[in-house]
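# Structural characterization, general
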Amino acid sequence: MERQNRPAATTLIACIGLPRSTYHTGKDRYGKPNDHNGKIPRDWWLADWEKQAIVDFHDAHPLEGYRRLTYMMMDGDIVAASLATVFRVLSEARRMGKCSLSNLVSPAFPKWEGTLLTVAQRSLTGVATMFEWQGIRLRSENGETIVVNRVFLFYLTICASSWFTQSFGEERPSAEPSVAMLLQKFKDYSGAELVFDRNDLPEGRYHDVLKPLSDSRKKLAAEICNEEARMYPPGYFGEVGLKAVGIFEACVSKSTSDRSRPYDSQLGGYRFFGIYNGVNAIAAAFYSEGQLALTFHHEVFHHVDSTVDGETGSWNLSTDDAFYQAAISGLRPYASPPIANLDLSAIRERCIGFTLQDSVSEYAAKNSREDQAETARHIMSMLPSSLVQIIDQPELAGSQRIIHVLGEYEKSVPDGPGLDWFVDVALDRARRDVQSETVEQLLIRLRAYADGGASGFEGVAEDPQGARDTLKKVVRLKPETVPPNVEVELVELASDITSALLQQRIRPDASNTRFRIWGSEDSQGVNRTLRRDVVQFAADAKRLKLISSIHLPASDKLVEHLKRSHLHNLRQIAAYFVFIDANWTMTPGTHDVFESTKKSILQCFQGSDVDLIDKLHTMDFRELADPNTNIDPL
């Protein structure tokens, strides 16, 4: 009877206004633990800082695809994640898809709510007063300054142009370069052929299968290779003897002793990334954008490593191995090379904040040659951070690897790309003029630079780097192209310009006892700009020696002229040393730089006057600088 008087559940929940679904959900959960219904965190999930690191790395390299970013982050020990994970993180952060930079020119541009539009709204009302290559500082009327990456400004310009075109006129189709144009561009700049057919490669040892690229991927491959080739000076591949670069869909060998190589049943062999034929060509597979760029530099370095002063030979591959192992083991480490203070500060702003502690990858353990090639591709993909770490932490095995590899590029050809070139590349100021000049045109420029005027260096005062670039072109002149009647003038002008470059930098007074010092000391008491200047004096002397050895006619008079020129420059550097040592505390490292420059200049002396050279070796800087010291090269 009591059960019959109990109201039904439907009547009760109707009276209290409770939804029936809520009632039944509560009934089903009655007596159970009150657990959440969300996903349970797993150990392999990315942490928040890892997601932020991926986004930050993308923002620092906005033109790189997510595939290349993935491998770059692995190489830099920043974040290890799969391609799909990186793509998902970037998509969630509105860095991919419709909100990516590549789609800002589309009609979806008004929907963009990120950094670019904010910057545009804040900066277009102000005045751009300061430009930098890394970023552009836009200063508004109220004095507020914001820094915009140059890529953002580039796309902002495109967007503005697109908006004006849609509003005030018809859009003009842009002419995109064809594959043939990109191949010719690569040859004109690098001096090597870019090919996609195995038959176009020079004879040599390659993989069993070099699968051709599809037509749709040839253009992208050519664009990547053109961009990566600009890491090297114009014509460098031709000078070093690299004739061809082949890009293929896959590189496959039917057999291998390398157990780490994956076997591809569809291709019928083991997949490789690339190969150097041991003579004059490389072949690389195009599996992804980032991988192609890294493989490109890896294989190019194998050829660089086998070339010294423009002469390629397989024996060169192992001649430096002992020095390399002694350096990375700490037995005979390299000294930290000098970079000017202002340049170093600018490069620091471009770093992504990681350091190469040891070797780049497990593959580097195969042998010293592969170790160096892996280091080379790391340098080319992480150039700013590589340069900074050899200054801040030269004792690291990774830093010693970087210093050695940079030296290999410089030794590969006469007057090869040294540290200054890579500093210029890192700061986006490298001169990449590919136009050739005749001997007559070079003579006109040399005469202008050699015109010292009242100061003795007015010709080079405004453009010292231009003077050095012109002298480098003289080094690369073929002797048979220089008429006999201009050989003497060519060498004399080079000698005068070399002395003027020294005078322009140190600025001696009338008494030759006071000089101008560039740069300032850092927290460790080191003036890196000063060290860089002194090293540059040695490089100038070596370049003059190269020019004279290539173009010097049989003239005892000219030989004595060069000897006097080197001796005068050496005594000027000695006086410069004495002035610095008398007014500041000179660090042992700076003293070693001066001593190294002295030895380099003495090695430039030509002739058989061994007694004079031995005498100069035994004299210290104070004796050399003393005007009363009688040093007569005759």
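Structural data are supplied above this passage.
About the thresholds
- Residues numbered from 1 in each chain as written.
- Predicted model: local features only at pLDDT ≥ 70, side-chain atom pairs only at ≥ 80, totals over all residues.
- Heavy atoms only, no water.
- Helix = DSSP H or I, 4+ residues; strand = E, 2+ residues; numbered from the N terminus.
- Buried < 20%, exposed > 50% of the residue type's maximum accessible area, 1.4 Å probe, protein only.
- Contact = heavy atoms within 4.5 Å.
- Areas by Shrake-Rupley, 256 points an atom, 1.4 Å probe, with all protein chains shown as cover.
- Salt bridge = Lys/Arg side-chain N within 4 Å of Asp/Glu carboxyl O.
- Pairing = 2+ DSSP bridges.
- Patch = residues over 30% accessible without salt bridge, like charges linked within 9 Å, V, L, I, M, F, W, Y side chains within 5 Å.
- Core = buried A, V, L, I, M, F, W, Y, C linked by side-chain atoms within 4.5 Å.
- Axes fitted to C-alpha atoms, helices over the stretch in contact; angles between N-to-C directions.
- Parallel < 35°, antiparallel > 145°, perpendicular 65-115°, else oblique.
- Nonpolar A, V, L, I, M, F, W, Y, C, P; charged D, E, K, R; others polar.

Here the focus is the overall build of the chain. Of the regular secondary structure elements, the chain holds 28 helices and 13 strands. The 634 residues of the chain split such that 46% are buried. Put simply, 69% of the contacts in the chain that link residues at least 6 apart link residues at least 24 apart. Taken as a whole, the chain presents about 33700 Å² of accessible surface, with 52% of it coming from carbon and sulfur.

One pass over the structure, following the stated rule, counts 31 salt bridges. Among the ionic pairs, Lys187 bridges to Glu193, the shortest N-O distance being 3.0 Å. A relative accessible area of 37% means that Lys187 is categorised as partly exposed. Here Glu193 falls in the partly exposed class, since its relative accessible area comes to 35%. In this structure, the salt-bridge partner of Lys411 is Glu408, at a minimum N-O distance of 3.2 Å. Here Lys411 pairs with Glu408, and both are found in helix α18 (residues 397–412), just 3 residues apart, close to one helical turn. For Lys411, a relative accessible area of 44% translates into the label partly exposed. Because the salt bridges share partners, they merge into one network encompassing Asp415, Arg468, Asp540 and Arg543.

With that out of the way, let us pick up the pairing of strand β6 (residues 244–248). Most of β6 sits out of view: 5 of its 5 residues are buried. Residue alternation in β6 divides its side chains into two sets, Ala244, Gly246 and Phe248 and Val245 and Ile247, and both sets are buried. In this structure, strand β4 (residues 193–195) lies alongside β6, joined through 3 bridges in parallel fashion. Residue pairing for β6: Leu194 is matched across the bridge by Val245. Pairing analysis gives 5 bridges linking β6 to strand β11 (residues 281–285), with the strands arranged parallel. Bridge assignment links Ile247 to a residue of β11, and that residue is Ala284.

Taken together, the side chains of Leu12, Ile16 and Leu18 make up a nonpolar region of the molecular surface, amounting to roughly 280 Å² of accessible area. If you trace the backbone, Ile16 turns up in helix α2 (residues 9–16). On the basis of relative accessibility, which here comes to 58%, the residue Ile16 falls in the exposed class.

Moving on, we come to the nonpolar core. Counting residues in each nonpolar core, the largest one holds 58 residues, and the members touching the most others are Phe186, Tyr232, Phe237, Ile247, Phe296, Leu387 and Tyr409. Apart from the residues within four sequence positions on either side, Leu387 is in contact with Ile339, Ile347, Leu406, Leu419, Phe422, Val423 and Ala426. Residues Phe515, Val534, Phe579 and Met586 belong to the second largest nonpolar core, which totals 31 residues.

The next point concerns the pairing of strand β9 (residues 269–272). Relative to β9, strand β7 (residues 250–253) is paired through 3 bridges, and the arrangement is antiparallel. The partner of Cys251 across the bridge, within β9, is Phe272. One ladder, built from 2 bridges, connects strand β8 (residues 263–264) with β9; its direction is antiparallel. What sits directly across from Asp264, in β9, is Gly269. Between β8 and the antiparallel strand that follows it, β9, lie 4 residues; Gly268 among them carries a positive phi value of about 75°.

At their nearest, the axes of helix α24 (residues 528–551) and helix α26 (residues 588–602) sit 9 Å apart, and the two run at 10° to each other. Overall, the two elements α24 and α26 adopt an arrangement that is roughly parallel. Residue-level contacts link Leu530, Arg531, Val534, Val535, Phe537, Ala538, Ala541 and Lys542 of α24 to Gly589, Thr590, Val593, Phe594, Thr597, Ser600 and Ile601 of α26. Of the residues belonging to the contact of α24 with α26, the class tally is 9 nonpolar, 4 polar and 2 charged.

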